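Take a look at the letters that make up each chain.
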Amino acid sequence: PTMAHSQALLVLENFIGGKFVPCSSYVDSYNPSTGDVYCRVPDSGKEEVEAAVKAAKDAFPVWSSKSPLERSQILNKLADLIEHDLEAFAQAESKDQGKTITFARTVDIPRAVHNFRFFASSILHHVTECTEMPTMGCVHYTSRAPVGVAGLISPWNLPLYLLTWKIAPAIACGNTVVAKPSEMTSVTAWMMCKLLEKAGVPPGVVNVVFGTGAKAGEALVCHPDVPLISFTGSTLTAQQITERSAPHCKRLSLELGGKNPAIIFDDADLSQCIPTTVRSSFANQGEICLCTSRIFVQRGIYREFLKRFVTEVKKWKTGNPSDPTVDVGALISKEHLEKVRNYVKKAQAEGARVLCGEGVDPLALPPGNQKGYFMLPTVIAEVKDESCCMQEEIFGPVTCVVAFDTEEEVIKRANGVKYGLAATVWSGSVGRVHRVAHRLQSGLVWTNCWLVRDLNLPFGGMKASGIGREGAKDSYEFFTEVKTITIKH
Ligand code: NAD
């Protein structure tokens, strides 16, 4: 990487107690589409986390005693301010992450705005429980209260989208937060901090500490005054967080990786299924936890599916993310690109066939993007179920297609991985989609569609894909402490 443009480097600062504060050391952040260092991110550690937790603790009594309506109005104001700057946020997200400007404009930033509006509204509509015991002369009811300082840790694939999916419910419920975005994609969180005061968020309610997982993340996880951690990221990191937080008995919400199957029966409507499955495999460079990476196709339509699927995949344009006609941008880092490419090499070494993409088709990039971390969408066929490409999360633009014969067989094979996040089922038979959906080990099952979400309903994974669920009621329950009160009259 060149540091030739050092004057132009963007330098981020932590946001603690309502103020931007510089840090004593920084880590480099790359523009994935050029390979240049363009931003410096605070390399925070214990000291910075300590200051942020203190600010959050100090702000808690006042914030937690505001009415839900007051908090709701502030969240709505923040949503309006982000929406007002939508284009600037989208440009920044695309540059920082490598995703296409189109995806940032239509998915990431609108969803970040919606996260605040959604929880601003849903917080107004919860009811608690009440039961009566007439023979004992008692009524019981539950009350819910915010927990305290919430630690929020988010990944690099959908930076502002996933961070706000945690900040919004946490503060709507009356908690104060210390958030740590991924060190690779910190810019939009920093931009959001600039809007907090104007939105009316009191100092200390939202603190953002930038830095690496090993230093800043771990300091947050180990801090005794942070009773809950909401984490989205890899299964491996979740194991470390679980171990490190165990001595403090923290409440954890873990949203982790996936190895999501698409099951396509021979009565599926291929005109719907094929474009959606191309999208579910390659949207955001395949860097979405919900992306399809194992496609099971019933044998009768296998050949036809492969031919039509590969034809559609080849139409996806890979290149400069700021070009609005581009479908596939850059991967997050050089290391990640190498990792994803290695999976393709391993599959080939095992005798699988690469039908398009990596190593098969030429990748032509504009002059300014020659050092970017690009890779063509890649389809692999004839992969064994035991292959690492069918078992491990690749998290890049690679999908495997295999044939199956019976419903019973495909359910078993689809469930034959350690993950259980999302699945799609394609069939014209109502009976079959219900039957199969019930038997899949998966927190989410989409039939004849993908990524259609109602934020009211639970989101999360089974098995190694996570613990806990997020959604209107689920996030409310996670971010509040419940109490059962009994009154004898
Ligand atoms: P990651 O686990 O490497 O990092 C996630 C976050 O955790 C980052 O902020 C990182 O700095 C921090 N971190 C790393 N080590 C830590 C530690 N020891 N203690 C505390 N914090 C630490 O994940 P990633 O590579 O940024 O993101 C990709 C992963 O996230 C994929 O596995 C993907 O499937 C998963 N993901 C899951 C969901 C979901 O909702 N289930 C959504 C998006 C991404």
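This structure is a prediction, so every number in the text was calculated from the model and none was measured. (Residues numbered from 1 in each chain as written. Predicted model: local features only at pLDDT ≥ 70, side-chain atom pairs only at ≥ 80, totals over all residues. Heavy atoms only, no water.)

## A closer look at the nonpolar core
Consideration 1: Core analysis: the largest hydrophobic core is formed by 60 residues, its most contacted members being Ile82, Phe116, Ile167 and Val206.
Consideration 2: The residues touching Val206, leaving out its near neighbours within four places in the chain, are Phe15, Ile167, Ile171, Val177, Leu196 and Val201.
Consideration 3: Val340, Cys388, Cys389 and Ile411 belong to the second-largest nonpolar core, a separate cluster that totals 31 residues. (Core = buried A, V, L, I, M, F, W, Y, C linked by side-chain atoms within 4.5 Å. Buried < 20%, exposed > 50% of the residue type's maximum accessible area, 1.4 Å probe, protein only. Contact = heavy atoms within 4.5 Å.)

## Quick notes on the state of the cysteines
The bond known as a disulfide is covalent and runs between the sulfur atoms of two cysteines.
Consideration 1: Within this structure, the stated rule accounts for zero disulfides.
Consideration 2: Between Cys138, a free cysteine, and Cys130, which holds the nearest cysteine sulfur, the sulfur-to-sulfur gap is 11 Å.
Consideration 3: Residue classification places Cys138 among the buried positions, given a relative accessible area of 10%.
Consideration 4: The thiol of Cys449 is unpaired, and the distance to the nearest cysteine sulfur, on Cys273, comes to 11 Å.
Consideration 5: A relative accessible area of 22% means that Cys449 is categorised as partly exposed. (Disulfide = S-S within 2.5 Å.)

## Side note on the site of the ligand
Consideration 1: The environment of the ligand is formed by 30 residues, the closest being Ser154, Glu183, Thr237, Leu256 and Glu393.
Consideration 2: Measuring from a nitrogen atom of the ligand, one finds a backbone N or O atom of Leu256 at 2.8 Å.
Consideration 3: Between the ligand and the protein, one listed contact pairs an oxygen atom with a side-chain N or O atom of Glu393 at 2.5 Å.
Consideration 4: Protein chains shield 90% of the accessible area of the ligand, which is 850 Å² for the free molecule.
Consideration 5: Only helix H7 (213–222), strand S11 (228–232) and helix H8 (235–245) provide two or more residues apiece to the shell around the ligand.
Consideration 6: Looking at the shell around the ligand element by element, the count peaks at four residues for H7.
Consideration 7: Looking at the shell around the ligand, you find at least three residues from each of domain 1 (10–256 + 465–488) and domain 2 (260–447). (Near = heavy atom within 4 Å. Polar contact = N/O pair within 3.5 Å; in protein donor to acceptor, adjacent residues only side chain to side chain. Areas by Shrake-Rupley, 256 points an atom, 1.4 Å probe, with all protein chains shown as cover. Helix = DSSP H or I, 4+ residues; strand = E, 2+ residues; numbered from the N terminus. Domains from an automatic or database assignment.)

## Some thoughts on the packing of helix H2 (residues 68–84) against helix H4 (residues 101–122)
Two quantities define a packed helix pair, namely the angle between the axes and the distance from one axis to the other.
Consideration 1: At their nearest, the axes of H2 and H4 sit 8 Å apart, and the two run at 165° to each other. Taken together, the axes of H2 and H4 lie roughly antiparallel to each other. At the point where H2 passes H4, the crossing takes the left-handed sense. Counting all contacts with H2, which are made through Ser72, Leu75, Asn76, Leu78, Ala79, Asp80, Ile82 and Glu83, the residues of H4 involved are Ile109, Val113, Phe116, Arg117, Phe119 and Ala120.
Consideration 2: Residues of the contact of H2 with H4, tallied by class, amount to nine nonpolar, two polar and three charged. (Axes fitted to C-alpha atoms, helices over the stretch in contact; angles between N-to-C directions. Parallel < 35°, antiparallel > 145°, perpendicular 65-115°, else oblique. Left-handed = near helix turned anticlockwise from the far one by under 90°. Nonpolar A, V, L, I, M, F, W, Y, C, P; charged D, E, K, R; others polar.)

This is a description of form; function is not addressed.
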